[in-house]
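Structural characterization, general
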Amino acid sequence: MSTAPAGSERNGPWWDVDFGGLADRQRYKLLAGLVVPRPIALVSTLSASGVRNAAPFSFFNVVADEPPTLALGIGGAGTEERPYKDTLQNILDTEEFVVNLVDEALLDAMNVCAIDFPPGSDEFAEAALEPAASRQVAAPRIAAAPVHLECRLSATVPLGDRGRLLVLGEVVHLHVRDGVVDPDTLDVDLAALALIGRLHGRGWYTRTADWIEKPRLTLAAWRARDRT
Ligand SMILES: Cc1cc2nc3c(=O)[nH]c(=O)nc-3n(C[C@H](O)[C@H](O)[C@H](O)COP(=O)(O)O)c2cc1C
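These remarks concern the structure in this document. (Residues numbered from 1 in each chain as written. Predicted model: local features only at pLDDT ≥ 70, side-chain atom pairs only at ≥ 80, totals over all residues. Heavy atoms only, no water.)

**Notes on the site of the ligand**
What surrounds the ligand is a group of 19 residues, the closest being Pro56, Phe59, Gly75, Lys85 and Thr87. Within the side chain of asparagine 53, one N or O atom sits 3.1 Å away from an oxygen atom of the ligand. In isolation the ligand offers 650 Å² of accessible surface; the protein chains occlude 88% of this area. Among the elements of the structure, strand E5 (52-57), strand E7 (68-74) and helix H2 (86-94) are those that each provide at least two residues to the shell around the ligand. (Near = heavy atom within 4 Å. Polar contact = N/O pair within 3.5 Å; in protein donor to acceptor, adjacent residues only side chain to side chain. Areas by Shrake-Rupley, 256 points an atom, 1.4 Å probe, with all protein chains shown as cover. Helix = DSSP H or I, 4+ residues; strand = E, 2+ residues; numbered from the N terminus.)

**A word on the sheet that holds strand E3 (residues 38-39)**
With antiparallel pairing, three strands are arranged side by side in an open sheet as E3-E13-E14. Both edges of this open sheet fall to E3 and strand E14 (205-207), since each of them pairs with a single strand only. Where E3 meets strand E13 (residues 196-198), two bridges bridge the pair, whose relative direction is antiparallel. Bridge pairing in E13 links proline 39 to glycine 197. (Pairing = 2+ DSSP bridges.)

Purely geometric stuff here, so don't read any function into it on its own.
Written out as C-alpha cells, the structure is:
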C-alpha cells in the first residue's frame, strides 16, 4: 500500500507535493533531506543564572553582510512549562550568543551537545569542551572550534505557535584559528577550515573538502559569448 502523503501526485517527470497535506515529520524529512548540505552552528550561550549551554543547529546560515547577520531556526521544546529549547531561552534572556563552526574534529562533541539534556545541564562539561572567554559577549566560545562568531540578538520572528522562532543575530566579533584566513588577502583555506555540513536525516554529514570552481560571468562577457 502506498504511504505517499495525501495531496501528492505524479505530474509528468515530477512528483508534486501539496505541503498542506503533510504531517510534521514528512515536512521535516523532505525539507531537511532536500535542502543540503547545511552549515552547522554549535551555539554557545549562558543562562540568566550563568549556566553554560551548547547545542547544534543546522537551520542556520549567514543572511546579510551589512549589517552582518546570521539566522537560526530553533524549534520548540514541546511542553507548556518549557516552551523553548535552552539555547533559545538563553538567547531571549541574555540577547547574546556565540556561533562556533563545526569541523571534522568537533563532530563527536557536537553530537553529545545535541542530546536532550535536562534544563540547567552544562554541555561544555558533558562533552568535555574547553571554554574560551569571548571579547564582546558574556557567553563563552568553544576553544576547539576553528571559527567563533560573537553575536548580539537583533530580532526574533515567531514561526507557528509551538515555540519555534527564527533568531537573527548581528555578528560583533570574529575569532578564526591561525592558518585558516590569510590576514592580508582574507582568502580562506578551505582545507585548513575542514568544516562539515549536515545532510539528510539524523546522523549524516558531509565534508567540505570537494570544490567546483565556476567564475561569475559579467553581463558584458555573457553578451560577447557568440562573438568570441
Ligand atoms: C546536526 C544537528 C543539527 C540540528 N539542528 C537543529 C535546528 O536547526 N533547530 C533545532 O531546533 N534543533 C536542531 N537540532 C537539535 C538540537 O541540537 C537539540 O534539540 C538540542 O538538544 C537542543 O539543546 P538545548 O535545549 O540545550 O538548546 C540539531 C541537532 C543536530 C545533531
